[in-house]
Amino acid sequence: LNVLCDKLKGIDANKAYEMNIKVGCAIANRDMIRSLCNYIFSQYKSLLPHDGKLLLIMLPSTRAIYEGKNPKTGKVYALIKIAEDAAGELSIPFLDLNEAFILDYKNNRQPFDFKCDGHWNERGHLIAGKAISAFIQENKWIQEKDYGK
C-alpha cells in the first residue's frame, strides 16, 4: 500500500525503499528507531528462560549484492548498525548475513530469491541456514550429545 501511495505521489519506490524500508523516513527518525530497538530487544531477552538463547539475524540487501554494491555502504545500513549496537548493549548476539550472501554471489552468481516476490528461494535459505548453523556450532550452543551424530 505504501508503494502504491508513493507511486501516486510520483515517488520512485525503487529509490525510496530498500529492504522493505522507506529509508529516508527511517533515517530521519534514528532516535526513535534506536529506542524502539532497545525496547523490543530487551523485551525479547526478558522472555527467555534461564538457559535460553537469543540470536538476532540481519537479512542481506540482495538488491545491492546483485548490483555489485557493498550493502554496508548503503543508507539503510545505518539502521542496521543501530540494531546491531542495541543488541550489543544488551549482550545479544547479532548475525549479519551480508557477508555470507556476498561471498556466495561472488562465487556462484545465482539468485537467492524468487523473481516474483523477493522472498528467499532454496539457495537463499541454504546460505542463511549454513551461516546460522556455523554460528551455533562456533559458539557451542548445541553439543553433539544434544542432537546425536
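What you see is a predicted model, and the numbers here were worked out from it, not measured in a lab. (Residues numbered from 1 in each chain as written. Predicted model: local features only at pLDDT ≥ 70, side-chain atom pairs only at ≥ 80, totals over all residues. Heavy atoms only, no water.)

S.K.: What is the right way to read the overall build of the protein from this model?
M.R.: Across its full length, the protein carries nine helices and four strands. Starting at the N terminus and ending at the C terminus, the protein contains elements arranged as α-α-β-β-α-α-β-α-α-β-α-α-α. Relative to all contacts within the protein whose residues are 6 or more apart in sequence, the contacts with residues 24 or more apart total 64%. Accessible surface, the protein: about 10300 Å² in total, of which carbon and sulfur atoms supply 55%. (Helix = DSSP H or I, 4+ residues; strand = E, 2+ residues; numbered from the N terminus. Contact = heavy atoms within 4.5 Å. Areas by Shrake-Rupley, 256 points an atom, 1.4 Å probe, with all protein chains shown as cover.)

S.K.: Looking at this structure, how should I read helix 7 (residues 98-108)?
M.R.: Residues Asn98, Phe101, Asp104 and Tyr105 constitute the buried set of helix 7. Looking down the long axis of helix 7, one finds its buried residues gathered within 140° of arc, a one-sided arrangement. Residues of helix 7 that are exposed and point more than 90 degrees away from the buried face comprise Lys106 and Asn107. Against helix 5 (62-66), helix 6 (76-89), strand 4 (94-96) and helix 8 (122-138) lie the buried residues of helix 7. One or two positions beyond helix 7, positive phi appears at Arg109, with a value near 55°. (Buried < 20%, exposed > 50% of the residue type's maximum accessible area, 1.4 Å probe, protein only. Arc of directions from axis to C-beta.)

S.K.: Would you mind going over helix 8 with me for this structure?
M.R.: What sets the pattern is the α-helix's 3.6 residues per turn: residues three or four places apart point alike. The end-to-end C-alpha distance of helix 8, which contains 17 residues, comes to 24 Å, matching closely the 24 Å that a straight helix rising 1.5 Å per residue would cover. Residues of helix 8 that are buried include every one of Gly124, Ile127, Ala128, Ala131 and Phe135, and no others. The buried residues of helix 8 occupy one face: seen down the axis, they fall within an arc of 90°. Opposite the packed face of helix 8, turned more than 90 degrees from it, sit the exposed residues Glu122, Lys130 and Gln137. In this structure, the buried residues of helix 8 make contact with strand 4 and helix 7. (Expected span 1.5 Å × (residues − 1).)

S.K.: Would you mind showing me how to read a nonpolar patch on the surface here?
M.R.: On the surface, a nonpolar cluster with roughly 400 Å² of combined accessible area is contributed by Leu36, Tyr39, Ile40 and Tyr44. Within the secondary structure, Ile40 is located in helix 4 (residues 30-46). Residue classification places Ile40 among the partly exposed positions, given a relative accessible area of 32%. (Patch = residues over 30% accessible without salt bridge, like charges linked within 9 Å, V, L, I, M, F, W, Y side chains within 5 Å. Salt bridge = Lys/Arg side-chain N within 4 Å of Asp/Glu carboxyl O.)

S.K.: Just to check I follow, could you spell out the confidence of the model for the protein for this structure?
M.R.: In regions of low pLDDT, the predicted coordinates are not meant to be interpreted in detail. Summarising the model, the protein shows a mean pLDDT of 83, and 78% of its residues fall at 70 or more. Note on residues 3-8: pLDDT under 50 across the span, and five contacts to partners over four residues away in sequence or across chains. (pLDDT = per-residue confidence, 0-100.)

S.K.: Can you walk me through the environment of Pro71 in this structure?
M.R.: Tracing the backbone shows Pro71 in the loop between helix 5 and helix 6. Sequence separation between Pro71 and Pro60 is 11 residues; the distance between their C-alpha atoms is 7.5 Å.

S.K.: In this structure, what is going on with the packing of helix 4 against helix 6? I would like to understand it.
M.R.: The description of two packed helices rests on the angle between their axes and on the distance between the axes. One can describe the packing of helix 4 onto helix 6 by two numbers: an axis separation of 9 Å at closest approach and a directional angle of 40°. On the basis of the axis angle, helix 4 is oblique to helix 6. For the element pair helix 4 and helix 6, the recorded crossing hand is right-handed. Contacts between helix 4 and helix 6 involve Arg30, Ile33, Arg34, Cys37, Asn38 and Phe41 from the former and Leu79, Ile82, Ala83, Ala86, Ala87 and Glu89 from the latter. For the contact of helix 4 with helix 6, the residue count by class is eight nonpolar, one polar and three charged. (Axes fitted to C-alpha atoms, helices over the stretch in contact; angles between N-to-C directions. Parallel < 35°, antiparallel > 145°, perpendicular 65-115°, else oblique. Left-handed = near helix turned anticlockwise from the far one by under 90°. Nonpolar A, V, L, I, M, F, W, Y, C, P; charged D, E, K, R; others polar.)

S.K.: Just checking my understanding: could you explain the packing of helix 7 against helix 8 for this structure?
M.R.: Interaxial distance between helix 7 and helix 8 falls to 10 Å at its minimum, and their mutual angle equals 130°. Comparing the axis directions of helix 7 and helix 8 gives the class oblique. In the crossing of helix 7 with helix 8, the sense of the turn from one axis to the other is right-handed. Touching Ala100, Phe101, Asp104 and Asn108 of helix 7 are Arg123, Gly124, Ile127, Ala128 and Ala131, all from helix 8.

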